[in-house]
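Structure assessment
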Amino acid sequence: MRSFIGRDILSLRDFSRDEFFRMFQVADDLRPFARDRRNTDLLKHKTLLTAFYQPSTRTRLSHEAAMHRLGGHVLGFSDSKMTRAGDFYQESIKDTFHMLEYYADVIAIRHFQQGAPHEAAKWASVPVINCGDGWGEHPTQVLTDLYTILHEKGTLDGLTYLLVGDMRMRTMHSILYALSQFDAKAIVVGPPDMSLLPEFKAEIDALNVDYEEAGDVRDVIDQADIIYMEPVVQADYTASREERGSQVGLTPPEYCVTRELLRDKARRSSIILHSLPRMDELLPDVDGTRHQRYWAEAFNGVALKMGMLALVLGAAE
Ligand code: CP
């Protein structure tokens, strides 16, 4: 297994099965600090910089919370308009990250351009963590999802994953890459104009990912162990920011999971994950059902990022 020390976390395409489990093991080791709301001093000499060019609630703050729990330091920006990258100068990724590397020991970036974190990693000698790049990938979200599934199911093998939503989403790309490492079947349900792109299908075919496409969640939910959701009514992830207009579309029932559908058709043991934020594809009345695990994901996100930061910064190996 490759060492995590000093490593960029840019994609799950290149994660091995052993590497997933190693990160989950370190997250488990550090989990008691998050659970008991205690801080340790494991990373007291390290600094995390968050460079977020797109809005975020969970991803940025869970990285920052994890660093605080580990006794480290945090700085950064959450609105590039207040930096030279977002004003008159439109400063390049190269110039920005060539400089940011001197300010911190690890950099977490979210960007609206696919591949921006990879470009940043070329110019920063410290580890760069991809926190979402356009329609590209969202590795730390999917690491959190898989860590949650491992805790809830005790395994990542022998499960059927129902993926519902916009298949252009970065989470969908990362999870399908990740499933190549497990004995997993995926059923993919999304609107035709938001389906998996041919070039991405070619990639996951080359990785032997076992998946099929279906048209309506109601026809296949009975097969699912894991119901993994994203909105189909959502912002343009290739824009730096999109305000909601006065008119917001409704999600067609083919891509909604309702309390009634869960009651009538889902396996009683199935669990629902949603990276959030949600629209009307998953109404709040599902929150009180036995299937809901998206709040557990919020806690697990802190523990997982504690494990990841400890590994890339060499405090665990
Ligand atoms: N899941 C997720 O990426 O949420 P944020 O956009 O709030 O970070």
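Keep in mind that this is a model prediction, so the values were computed, not measured.

The next subject is the domain arrangement of the chain. In terms of domain boundaries, the chain breaks down into domain 1 (12–137 + 301–312) and domain 2 (139–233 + 242–297). In this structure, domain 1 and domain 2 have C-alpha centres spaced 25 Å apart. Of the residues lining the interface, 32 residues belong to domain 1; the matching set on domain 2 comes to 27 residues. Interface area for domain 1 against domain 2, summed over the two sides, is near 2600 Å², with a carbon-plus-sulfur share of 61%. Area buried by domain 1 at its contact with domain 2 is led by Leu12, Arg13 and Trp135, which between them contribute 28% of it. Taken together, the connections running from domain 1 to domain 2 amount to two salt bridges. Note that Arg13 is salt-bridged to Glu203, the shortest N-O span being 2.6 Å.

Moving on to a nonpolar patch on the surface. A cluster of nonpolar side chains, Leu75, Met99, Tyr102 and Tyr103, forms an exposed patch at the surface whose accessible area comes to about 420 Å². As for its position among the elements, Tyr102 is in the loop between α3 (93–100) and β3 (106–111). We classify Tyr102 as exposed; its relative accessible area is 63%.

Relative to the helices and strands, Val233 resides in the loop between β8 (226–229) and α9 (259–265). Residues Val233 and Asp166 lie 67 residues apart in sequence; the distance between their C-alpha atoms is 8.5 Å. In this structure Val233 touches Val248, Gly249, Leu250, Thr251 and Met279, once residues within four positions along its chain are discounted.

Counting residues in each nonpolar core, the largest one holds 66 residues, and the members touching the most others are Leu146, Tyr161 and Leu163. Both of domain 1 (12–137 + 301–312) and domain 2 (139–233 + 242–297) provide at least three residues apiece to this core. Each residue touching Leu146, except ones within four places of it in the same chain, is listed here: Phe20, Phe24, Leu156, Tyr161, Ala178 and Phe182. Ala224, Met229, Leu261 and Ala266 belong to the second-largest nonpolar core, a separate cluster that totals 23 residues.

Our next topic: the packing of helix α6 (residues 170–179) against helix α7 (residues 198–206). Axis separation between α6 and α7 bottoms out at 9 Å; the angle between their running directions is 20°. The angle between α6 and α7 falls in the class roughly parallel. Crossing of α6 against α7: the hand is right-handed. Contacts between α6 and α7 involve Met172, His173, Leu176 and Tyr177 from the first element and Phe200, Glu203 and Ile204 from the second.

Reading the values: rules and limits
Residues numbered from 1 in each chain as written. Predicted model: local features only at pLDDT ≥ 70, side-chain atom pairs only at ≥ 80, totals over all residues. Heavy atoms only, no water. Domains from an automatic or database assignment. Contact = heavy atoms within 4.5 Å. Buried area = accessible area lost by both parts, 1.4 Å probe. Salt bridge = Lys/Arg side-chain N within 4 Å of Asp/Glu carboxyl O. Patch = residues over 30% accessible without salt bridge, like charges linked within 9 Å, V, L, I, M, F, W, Y side chains within 5 Å. Areas by Shrake-Rupley, 256 points an atom, 1.4 Å probe, with all protein chains shown as cover. Helix = DSSP H or I, 4+ residues; strand = E, 2+ residues; numbered from the N terminus. Buried < 20%, exposed > 50% of the residue type's maximum accessible area, 1.4 Å probe, protein only. Core = buried A, V, L, I, M, F, W, Y, C linked by side-chain atoms within 4.5 Å. Axes fitted to C-alpha atoms, helices over the stretch in contact; angles between N-to-C directions. Parallel < 35°, antiparallel > 145°, perpendicular 65-115°, else oblique. Left-handed = near helix turned anticlockwise from the far one by under 90°.

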